Amino acid sequence: MSTPIVVHRSAPTGGRVVTINDEMVGLVHDDHALIELLRRAGVYDAEHCLDDPQWIEWRGGPAHRYEAA
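Residues numbered from 1 in each chain as written. Predicted model: local features only at pLDDT ≥ 70, side-chain atom pairs only at ≥ 80, totals over all residues. Heavy atoms only, no water.

Participant: Sorry, what's going on with the side chain of T19 here?
Facilitator: Looking at the element boundaries, T19 is found in strand β2 (residues 16–20). Separated by 3.0 Å, the side chains of T19 and H8 make a polar contact. Once you skip the residues sitting within four places of it in the chain, T19 turns out to touch P4, I5, V6, H8, M24 and V25. (Helix = DSSP H or I, 4+ residues; strand = E, 2+ residues; numbered from the N terminus. Polar contact = N/O pair within 3.5 Å; in protein donor to acceptor, adjacent residues only side chain to side chain. Contact = heavy atoms within 4.5 Å.)

Written out as structure tokens, the structure reads:
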């Protein structure tokens, strides 16, 4: 089973696209923006799931890095 939240590789201009259950929900440029996006999407305790591989998969680059590709 795949994780419900995917933070995709950095965009050429910076930031990373976020999908939840294969639906694009936004573009974020830092952890704070990611936490707020997840909260608005209804993820309870969003700040504690950033490093939980059962919740989030960081694809195409290291976790917590958002600079341009």
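And the narrative resumes.
Participant: What's the story with the packing of aromatic side chains in this structure? I'm lost.
Facilitator: Two aromatic rings, taken as a pair, are described by how far apart their centres are and by the angle between their planes. Counted by the stated rule, this structure contains one aromatic pair. Ring centres of W58 and Y66 lie 6.2 Å apart, and the angle between their planes is 75°; this geometry places the pair in the edge-to-face category. The two residues W58 and Y66 agree in class, both being buried. (Phe/Tyr/Trp six-rings, centres within 6.5 Å; stacked < 30°, edge-to-face > 60°. Buried < 20%, exposed > 50% of the residue type's maximum accessible area, 1.4 Å probe, protein only.)

Participant: Help me understand the sheet that holds strand β1 (residues 5–10), please; the structure alone is not making it clear to me.
Facilitator: Adjacent strands of a sheet form backbone hydrogen bonds with each other and so pair up, either parallel or antiparallel. Strand order in this open sheet of four strands is β3-β2-β1-β4, and the pairing throughout is mixed. Two strands in the sheet have a free side with no partner beyond their single neighbour: β3 (23–28) and β4 (56–58). The sheet shows a mean angle of 20° between the axes of neighbouring strands, taken without regard to direction. Examined bridge by bridge, β1 and β2 share four bridges and lie antiparallel to one another. Bridge assignment links V6 to a residue of β2, and that residue is T19. With respect to the sheet, helix α1 (residues 31–40) is in contact with β1, β2, β3 and β4, its orientation differing from that of β3 by roughly 150°. (Pairing = 2+ DSSP bridges. Axes fitted to C-alpha atoms, helices over the stretch in contact; angles between N-to-C directions.)

Participant: I keep staring at the pairing of β1 and nothing clicks. Help me out?
Facilitator: Every other side chain in a regular strand lies on the same face of the sheet, so the side chains alternate between the two faces. Adjacent in sequence and paired antiparallel, β1 and β2 are bridged by five residues, among which G14 carries a positive phi angle near 100°. Taken together, the three bridges between β1 and β4 define a ladder with parallel strand orientation. Residue pairing in the sheet places V6 in a bridge with E57 of β4.

Participant: Sorry, what's going on with the pattern of salt bridges here?
Facilitator: Pairing between side chains of opposite charge can happen when their charged atoms approach one another. What the rule picks out here adds up to four salt bridges. Between E36 and R39 there is a salt bridge; the shortest N-O distance is 3.0 Å. Of the two residues, E36 and R39 both sit in helix α1, three residues apart, roughly one turn of that helix. Overall, the relative accessible area of 41% leaves R39 in the partly exposed class. Here R39 ties to E47 by a salt bridge, and the two come within 2.4 Å at their closest N and O atoms. Several salt bridges share partner residues, and in doing so they unite E36, R39 and E47 into one network. (Salt bridge = Lys/Arg side-chain N within 4 Å of Asp/Glu carboxyl O.)

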